[in-house]
Amino acid sequence: MSTASQDRDEQVKLWNGAAGRAWVETRDVLEAMFEPLEALLVRAVSDVGPGRVLDIGCGTGATTFAVAQALGPQGHCTGIDISQPMIAAARDRAERERRSAGFICADAQTHPFTPASFDMIISRLGVMFFADPAQAFANLRRATRPGAALRLIVWRSAAENPFMTTAERAAKPLLPDLPPRRADAPGQFGFADRKRVESILADSGWDAVAVAPIDIALSFPAAELTRYVSWLGPVGTMLQAMEEPRRSQVIDTVRSAFDRYLEAGEVRFTAACWMVAARTPVEAANG
């Protein structure tokens with residue numbers, strides 16, 4: 001089996017298992033925390049105008065719903081994600097709240113989209129997990145009409161986002177088998193290298209590629225910190241299968257490592273991201 005196939009299988013297993021469960025369990029915290037990033041994408045969609053929008057790695061659908069609402073009856077937003085638990089949660093909310101957004105449970109890297117069926121592609125922290133990014137963005141280019149817009153928000157490096165690795169650093173003495181992050185593998189910081197992102201998009205047929213740094217203040221209630229560290233990230237994944245009293249010991253140790261981010265009853269930190277923009281060539285056929 002090729003490395004790309006192994007990476008894809010690992011992502012399918014992760015997002016349909018521990019990571020998918022974690023995001024569904026904590027979706028209220030995460031959706032509120034990431035709302036400032038969502039707002040940037042809603043604004044980008046509004047600037048482009050009404051049309052058919054595809055939200056990559058949509059998770060439980062917060063950004064998909066927000067964009068669908070902004071588009072109104074003159075547009076439509078479809079979310080796609082590989083995680084069955086998260087798509088199930090998104091569809092349940094759409095039905096319960098009678099939302100107009102649609103959802104697809106599939107891998108956007110290989111899904112057979114109708115050619116030229118979208119006017120814009122967006123993603124909030126959802127495109128760093130492709131096993132073969134060049135194949136994925138070539139597939140997405142074929143799914144868009146000529147001149148369609150691309151707007152992505154992705155994490156910059158782990159070094160620029162110390163909040164996101166605080167739990168791992170704190171837990172490492174207690175969890176020596178905690179798996180290290182692979183810089184060359186699909187994952188949270190898979191698009192940290194600006195030049196790599198530019199190369200992936202250019203090689204897969206996108207034009208006018210621009211990658212700009214953005215630093216966004218994010219927060220969530222301090223009362224939710226224990227739930228946050230108990231479920232999310234590599235430490236949260238291990239904690240899901242851990243028994244007491246070891247589990248409580250790890251949680252207490254990790255939680256105290258976040259004291260530096262506590263302020264006025266909130267956990268506050270800065271998300272260091274890239275805002276990625278591109279478009280489908282106007283003169284080229286989407287073949």
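What comes next is a walk through the structure. These numbers come from a predicted model, not from an experiment.

The rules we used
In every chain, residue numbers begin from 1 and rise along the written sequence. Per-residue local features are limited, in this predicted model, to residues with pLDDT of at least 70; the limit for side-chain atom pairs, both in listing and counting, is 80 or more; totals at the level of whole chains, interfaces and linings are taken over all residues. By convention in this description, side-chain values take in all heavy atoms of the structure and omit both hydrogens and water. In DSSP terms, a helix is any run of H or I states spanning at least four residues, a strand is any run of E spanning at least two, and both are numbered starting from the N terminus. Every radius of gyration here is taken over C-alpha atoms, with the globule rule written as 2.2 Å times N^0.38, N being the number of residues. Exposure is judged per residue with a 1.4 Å probe applied to protein chains only, and the accessible area is read against the type maximum: over 50% gives exposed, under 20% gives buried, and values in between give partly exposed. A pairing counts as a salt bridge when a side-chain nitrogen of Lys or Arg comes within 4 Å of a carboxyl oxygen of Asp or Glu. For the purposes of these results, a polar contact is taken to be a pair of N or O atoms within 3.5 Å, where, inside protein, one atom must be able to donate a hydrogen and its partner to accept one; residues adjacent in sequence count only when each atom of the pair is a side-chain atom. Contact criterion: two residues are considered in contact whenever any of their non-hydrogen atoms come within 4.5 Å of each other. Picture the helix axis, draw a direction to every C-beta atom, and the arc is the one those directions span.

## Let's talk about the overall build of the protein
And step 1. Check the secondary structure of the protein and you find 12 helices and 8 strands.
And step 2. A globule of 287 residues ought to have a C-alpha radius of gyration of about 19 Å, and the protein, at 19 Å, matches this closely.
And step 3. Viewed in the frame of its principal axes, the protein has a C-alpha envelope of about 60 × 45 × 30 Å.
And step 4. Taken across its 287 residues, the protein has 52% of its residues classed as buried.

## A few points about the pattern of salt bridges
And step 1. Within this structure, the stated rule accounts for 16 salt bridges.
And step 2. Across the pair Asp7 and Arg182 runs a salt bridge, and its minimum N-O distance is 3.6 Å. One end of the pair, Asp7, is in helix 1 (residues 3–15); the other, Arg182, is in the loop between helix 8 (166–171) and helix 9 (194–203), with 175 residues separating them in the sequence.
And step 3. By relative accessible area, which is 6% here, Asp7 ends up buried.
And step 4. On the basis of relative accessible area, Arg182 is assigned to the partly exposed category, the value being 42%.
And step 5. In this structure, Arg145 and Asp119 form a salt bridge, with 2.6 Å as the shortest nitrogen-oxygen distance. Of this pair, Arg145 sits in strand 5 (residues 144–155) while Asp119 sits in strand 4 (residues 118–124), placing them 26 residues apart in sequence.

## With respect to the side chain of Ser230
And step 1. Turning to its location among the elements, Ser230 is positioned in helix 10 (residues 225–231).
And step 2. A polar side-chain atom of Ser230 sits 2.6 Å from the main-chain carbonyl oxygen of Thr226.
And step 3. In this view, Ser230 contacts Gly236, Leu239, Arg247 and Ile251; residues no more than four positions away in its chain are not counted.

## A word on unusual backbone geometry
And step 1. Residue Glu244 is joined to Pro245 through a cis peptide bond whose omega torsion reads 0°.
And step 2. Backbone geometry places Ala116, a non-glycine residue, at a positive phi of 55°.
And step 3. By the element assignment, Ala116 lies in the loop between strand 3 (102–105) and strand 4.
And step 4. The partly exposed category is assigned to Ala116, whose relative accessible area is 32%.
And step 5. Positive phi outside glycine occurs at Ala208, with the angle close to 50°.
And step 6. Position of Ala208 among the secondary structure elements: in strand 6 (residues 207–221).

## What about helix 12 (residues 246–256)?
Every α-helix winds through 3.6 residues per turn, so residues three or four apart in the chain are directed the same way.
And step 1. Where helix 12 is concerned, the buried positions are Val250, Ile251 and Val254. Burial along helix 12 is one-sided: seen end-on, the buried residues are contained in an arc of 100°.
And step 2. Where helix 12 is buried, its residues contact helix 8, helix 10 and helix 11 (233–239).

## Points about the environment of Ala167
And step 1. Considering the arrangement of structural elements, one finds Ala167 in helix 8.
And step 2. On the accessibility criterion, Ala167 (14% relative accessible area) is buried.
And step 3. Ala167 sits 46 residues away from Pro213 along the chain, and the two C-alpha atoms are 25 Å apart.
And step 4. If we ignore the near neighbours within four places in the chain, the residues touching Ala167 are Val235, Val254 and Phe258.

Shape descriptors only; they carry no functional weight alone.
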